[in-house]
Amino acid sequence: RIAETIPVSLWPVVLVLIPGMVFEYLVYSSFKAMKKFAISNILSLVSRGISLVAVAVGLFFWSESVEVALYSYATALYVNTAIYGIMVFRLVSFQWELDWKGMYSSIKYGASVHISTFLSEVEYRVDVFLLLFFLNAAAVGIYSIGVTLAQLLWYLSNSINTVLYPYLVEKKGQDQHIFTAQVLRVNLYLNLVLLIGIALTGSMLVRLIYGDAYAESYLVFLAISPGLLLDTVSRILSTWFKSIGRP
């Protein structure tokens, strides 16, 4: 059904987006691996800004349509890709010889990581399809807002995970385990404070942004927030398992 709603003329543009998005993600991950967090953050802000400006200009000066938004985003994506490419060539000394042994190790490790990542993504998305199947679109809307509110907890743990992995890879043995335990403790305390703050203001925010019709979203947030709080802990543990080669 989704494929039927996308005009045939736009499919080439959708396919053209894939290499640029993959390249941008790989370069961004490379900067994090090299602990170039300042550069990766700046590039992330710049690329998001370019995309936002490109889409806004296209919609404002050209036409308010999905086609224009997609073409504008594709243009911005490859401008960002060029910027990322220039930066990575300036920071990294490339060797054009293929390291077959290194490639095999990378593919083997990456395959095991991607399996768990894929299963996690399925877990995070399947609930919406189940709700739509058994209930209706209105229930999905209310549920999605509650989930989005609860997932604010992920921003903090994801920020920690961004810098945690390269540091854990460098540490060995007991130091690695002690450091992970310390990060876990800090992560749990900070997210608990954030959870309490959202719990106190969540109802007001939902009514202010979405209106009284979505007030039940706050109840969804209260129901799932304890689980998402524990999920922030599992995300840190998942990073630790990856760092010791057991993803």
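Residues numbered from 1 in each chain as written. Predicted model: local features only at pLDDT ≥ 70, side-chain atom pairs only at ≥ 80, totals over all residues. Heavy atoms only, no water.

## So, the overall build of the chain
Inference 1: Secondary structure assignment for the chain yields nine helices and zero strands.
Inference 2: Along its sequence from the N terminus, the chain presents helices and strands in the succession α-α-α-α-α-α-α-α-α.
Inference 3: Across its three principal directions, the C-alpha atoms of the chain cover 60 × 50 × 30 Å.
Inference 4: With 247 residues in all, the chain has 29% of them scored as buried.
Inference 5: Contacts spanning at least 24 positions in sequence make up 76% of the contacts within the chain whose residues lie at least 6 apart.
Inference 6: Accessible surface, the chain: about 16,400 Å² in total, of which carbon and sulfur atoms supply 70%. (Helix = DSSP H or I, 4+ residues; strand = E, 2+ residues; numbered from the N terminus. Buried < 20%, exposed > 50% of the residue type's maximum accessible area, 1.4 Å probe, protein only. Contact = heavy atoms within 4.5 Å. Areas by Shrake-Rupley, 256 points an atom, 1.4 Å probe, with all protein chains shown as cover.)

## Notes on the packing of helix α2 (residues 11-33) against helix α3 (residues 37-61)
Inference 1: α3 packs onto α2 with a crossing angle of 150° between their chain directions and a minimal axis gap of 8 Å. By the angle between their directions, the pair α2 and α3 is classed as roughly antiparallel. Here α2 runs over α3; the crossing is left-handed. Across the interface between the two elements, Glu24, Tyr28, Phe31 and Lys32 of α2 pack against Phe37, Ile39, Ser40, Asn41, Leu43, Ser44, Ser47 and Arg48 of α3.
Inference 2: Within the contact of α2 with α3, the residues separate by chemical class into five nonpolar, four polar and three charged. (Axes fitted to C-alpha atoms, helices over the stretch in contact; angles between N-to-C directions. Parallel < 35°, antiparallel > 145°, perpendicular 65-115°, else oblique. Left-handed = near helix turned anticlockwise from the far one by under 90°. Nonpolar A, V, L, I, M, F, W, Y, C, P; charged D, E, K, R; others polar.)

## Some remarks on the packing of helix α6 (residues 137-150) against helix α9 (residues 217-243)
Inference 1: Interaxial distance between α6 and α9 falls to 8 Å at its minimum, and their mutual angle equals 45°. By the angle between their axes, α6 is oblique relative to α9. Where α6 crosses over α9, the handedness of that crossing is right-handed. Between α6, through Ile142, Tyr143, Ile145, Gly146, Val147, Leu149 and Ala150, and α9, the contact on the second element is made entirely by Ser217, Val220, Phe221, Ile224 and Leu228.
Inference 2: For the contact of α6 with α9, the residue count by class is 10 nonpolar, two polar and no charged.

## Section: the side chain of threonine 232
Inference 1: Mapped onto the secondary structure, threonine 232 falls in helix α9.
Inference 2: Apart from residues no more than four positions distant in its own chain, threonine 232 is found in contact with Leu153, Trp154, Ser157, Asn187 and Asn191.

## Here we look at the pattern of salt bridges
Two side chains that carry opposite charge are able to pair once their charged atoms sit near each other.
Inference 1: Tallied over the full model, the rule gives three salt bridges.
Inference 2: Between arginine 48 and glutamate 24 there is a salt bridge; the shortest N-O distance is 3.5 Å. With arginine 48 in helix α3 and glutamate 24 in helix α2, the pair connects residues that are 24 residues apart, well separated along the chain.
Inference 3: Exposure remark for arginine 48: the relative accessible area of 52% places this residue in the exposed category.
Inference 4: In this structure, aspartate 231 engages arginine 235 in a salt bridge whose closest nitrogen and oxygen atoms are separated by 3.1 Å. Of the two residues, aspartate 231 and arginine 235 both sit in helix α9, four residues apart, roughly one turn of that helix.
Inference 5: Assessed through its relative accessible area of 16%, aspartate 231 is described here as buried.
Inference 6: We classify arginine 235 as buried; its relative accessible area is 18%. (Salt bridge = Lys/Arg side-chain N within 4 Å of Asp/Glu carboxyl O.)

## Description of a nonpolar patch on the surface
Inference 1: Taken together, the side chains of Ile115, Phe118, Leu119, Val122, Val126, Leu130, Phe133, Phe134 and Leu135 make up a nonpolar region of the molecular surface, amounting to roughly 980 Å² of accessible area.
Inference 2: Of the residues examined, phenylalanine 118 reaches a relative accessible area of 55% and is grouped as exposed. (Patch = residues over 30% accessible without salt bridge, like charges linked within 9 Å, V, L, I, M, F, W, Y side chains within 5 Å.)

## Some details on the packing of aromatic side chains
Inference 1: In this structure the tally under the stated criterion is three aromatic pairs.
Inference 2: When the ring centre of tryptophan 154 is taken as reference, the NZ or CZ atom of arginine 235 above it lies at 3.9 Å. (Phe/Tyr/Trp six-rings, centres within 6.5 Å; stacked < 30°, edge-to-face > 60°. Lys NZ or Arg CZ within 6 Å of the ring centre and 35° of its normal.)

## Topic: the nonpolar core
Inference 1: Listed in full, the 12 residues of the largest apolar core are Ile145, Leu149, Ala150, Leu153, Trp154, Leu195, Ile198, Val206, Tyr218, Phe221, Leu228 and Leu229.
Inference 2: Among the elements of the structure, α6, α7 (152-170), α8 (173-209) and α9 are those that each provide at least two residues to this core.
Inference 3: Residue contributions to this core peak at four residues, all from α9.
Inference 4: Once residues lying within four places of it in the same chain are set aside, the contact partners of isoleucine 145 are Val206, Tyr210, Tyr214 and Ser217. (Core = buried A, V, L, I, M, F, W, Y, C linked by side-chain atoms within 4.5 Å.)

## Some words on α7
Inference 1: Along α7, the sharpest change in direction is near 35° and occurs at leucine 164; proline proline 166 comes one to four residues later.
Inference 2: Of all the residues in α7, the buried ones are Leu153, Trp154, Ser157, Ile160, Asn161, Leu164, Pro166 and Leu168. (Bend = angle between axes of the 7 residues up to and from the residue.)

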